[in-house]
Amino acid sequence: MELFTKTLFLCLALAITNGAPAHHDAAVDDASLPDRCDGMGFDAITPDEKGTTFFFRGSHLWEGFHGPAQLSNESFPQLDDIHNIGHVDAAFRMHNIEHLDDHDHIYFFLDDKVFSYYDQALEEGYPKEIQQDFPGVPSHLDAAVECPNGECMADSVLFFKGQDVHVYDIVTKTVKTKTWSHLPVCTSALRWLEHYYCFHGNNFTKFHPVSGEVSGVYPKDARSYFMKCPGYGHGGDDKVLKCSDVKIDAITTDDTGKSYLFTGPIYMRLDTRRDGLHAFPITRSWKEVTNGVDAVFSYADNIYLIKDDQVYIYKAAAHYTLIEGYPKTLKEELGIEGHVDAAFVCPDDHTVHIIIGGTIRAIDLSATPRTVIRERPLPFSDIDAALCSAEGINVFKGATYYHYESPMTLAMSRIAPEPLNVTRAMMGCEE
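What you see is a predicted model; the values in this text were computed from it and never measured.

Participant: Tell me about the sheet that holds strand β20 (residues 266-269), and name the residues and values.
Facilitator: The sheet built from four strands is open, its strands ordered β18-β19-β20-β21 with antiparallel pairing. Looking along the sheet, the strands with just one partner apiece sit at the ends: β18 (250-253) and β21 (279-281). Going across the sheet, the axis of each strand differs from the next one's by a mean of 25°, ignoring polarity. As paired elements, β18 and strand β19 (residues 259-263) share four bridges and run antiparallel to each other. From the neighbouring strand, Ala250 faces β19, where its bridge partner is Phe262.

Participant: I'd like a rundown of the state of the cysteines, residues and numbers included.
Facilitator: Per the stated rule, a full pass over the model turns up four disulfides. Paired by a disulfide, Cys37 and Cys229 hold their sulfur atoms 2.0 Å apart. Around the S-S axis, the bridge from Cys37 to Cys229 shows a dihedral of about -80° and counts as left-handed. Of this pair, Cys37 sits in the loop between α1 (6-12) and β1 (44-47) while Cys229 sits in the loop between β17 (220-221) and β18, placing them 192 residues apart in sequence.

Participant: Could you give me a rundown of the nonpolar core, with the residues and numbers involved?
Facilitator: Within the largest apolar cluster, 54 residues are counted, with the highest numbers of intra-cluster contacts made by Phe226, Phe262, Trp286 and Leu305. Apart from the residues lying within four places of it in its own chain, the contact partners of Trp286 are Tyr260, Phe262, Tyr267, Ile303, Leu305, Tyr314 and Tyr320. One finds Val88, Ala144, Tyr168 and Ile170 within the second-largest nonpolar core, a separate group that totals 28 residues.

Each value, and the rule that gives it
Residues numbered from 1 in each chain as written. Predicted model: local features only at pLDDT ≥ 70, side-chain atom pairs only at ≥ 80, totals over all residues. Heavy atoms only, no water. Pairing = 2+ DSSP bridges. Helix = DSSP H or I, 4+ residues; strand = E, 2+ residues; numbered from the N terminus. Axes fitted to C-alpha atoms, helices over the stretch in contact; angles between N-to-C directions. Disulfide = S-S within 2.5 Å. Core = buried A, V, L, I, M, F, W, Y, C linked by side-chain atoms within 4.5 Å. Buried < 20%, exposed > 50% of the residue type's maximum accessible area, 1.4 Å probe, protein only. Contact = heavy atoms within 4.5 Å.

In C-alpha cells, the structure reads:
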C-alpha cells in the first residue's frame, strides 16, 4: 500500500506546517548544507511532542518533511555545542502516559550516552549512561522507535543494533532480544501513522513491530514518499490551505476515536497531530470508493460511506474491509432516496441523522428494516458536513460551522445561530 498518491495529495494543498511532504526548493538551500535528496539517508528520525518530525544526519537536521538543513543545536540547544556530539546514533519519542515526566520526551543516543529533551530543552541531569535509564540496552545503537501498548505487547521501545532488535518494556524495564535477519540493518526507524519503517540509506522497509514481518514490495525509495526530490514522485507545487478556503465533503469519528475529514478524492486523519496532519487518497483506506464521498457516519464498529445513491459499509476493526454484499442503494440500506448532504451519529446512540437539502431525517439503525422515524425542516440548506460529539453537533457550511447542543436543538431550531469560523485547531489550516 502506498504512503501517498502524490498527485492527489498536492491537489488538496494541505501541507500543514512541518506536517506533510512538500517540494524541495533548491533555490533556498545553502550549497554548503547537506541535501536530504542525495541518497545518503539519515542517522536518526523522531517526531517531537507537537508532531513535527526531525531527520538527523551528522551535525545537521531537517525539521519536518520539507525545507533546508540546519545545525542540530539550532533546534536542540546543547546537542553539540556543549557536549561536542556532532551526530546522534538513534532517537525516539517516549510514549508513557502513565508517567507524564517521561511522556513525549525525546531521547537521543550517542555511543554509551543518552540525552533527554522536552520542548527542545535538555533535561537537568543529562547526559546519562544508557544503562541508567535503559538497563539492558546496548550502546552504539543503530536506531530506535517508540511502540505503544496495543501495537506492541506493552508500552515499549524497539532498539536496533545490527540485525538484533532489543524490545525494552518501559514499565518493567526488561529487555527481550530478537534477531530479524530478514530486515536490512536500520540506520534509523520511524513510527508514523501507526506504521513502522526501517530506513537504510535512501530506502525504507515497512515492518510489523512485534514479528518484524514485511508485507508488500520493499524496499522503497524514501525520496518518493517522505520528501519531495527532483526526479522522484510526480512533481507539482503545493501551498498551505487557508482556513477561509476550507470546504469539506464529510467528517466522522469512529468508535476507536479516529477522526476522518473527506474533501474531493482525499481524506485526512485529524486525530494524528502527534504524527502531523497528512492527506491521503480515499482509495488508500476505502479502495472501492473512487470518486469522493457525499457523507459519512460511524456506527457499531462500522463506517458508512455514502456516494450518490450508494452506501458502502466497512468493518473498522478489519482495517476497513468492505462488508460482503455492499454497496447497496440508499433505499435498500436506509429507506431513503435523494442526494445526501451530510450524516452523523451521536456517541452511544442508535440513530443516524441524514441531512438532505433543507430537511433532517432520523433513522433508527437498530431497527429492521430501517425507515425514517422523524423528519423536520432545517433553518438552512446546502450543508457540506456534520459531526456529533460529546460537546454537541457542528454543522459545516464552507469555511464556517453552526454549533448545536443536541440533535433535538438542531431539529427544532427555526433560526440559524451565528456562524463560527473553522480554525486551525480543528482542521490544521492556516489562519
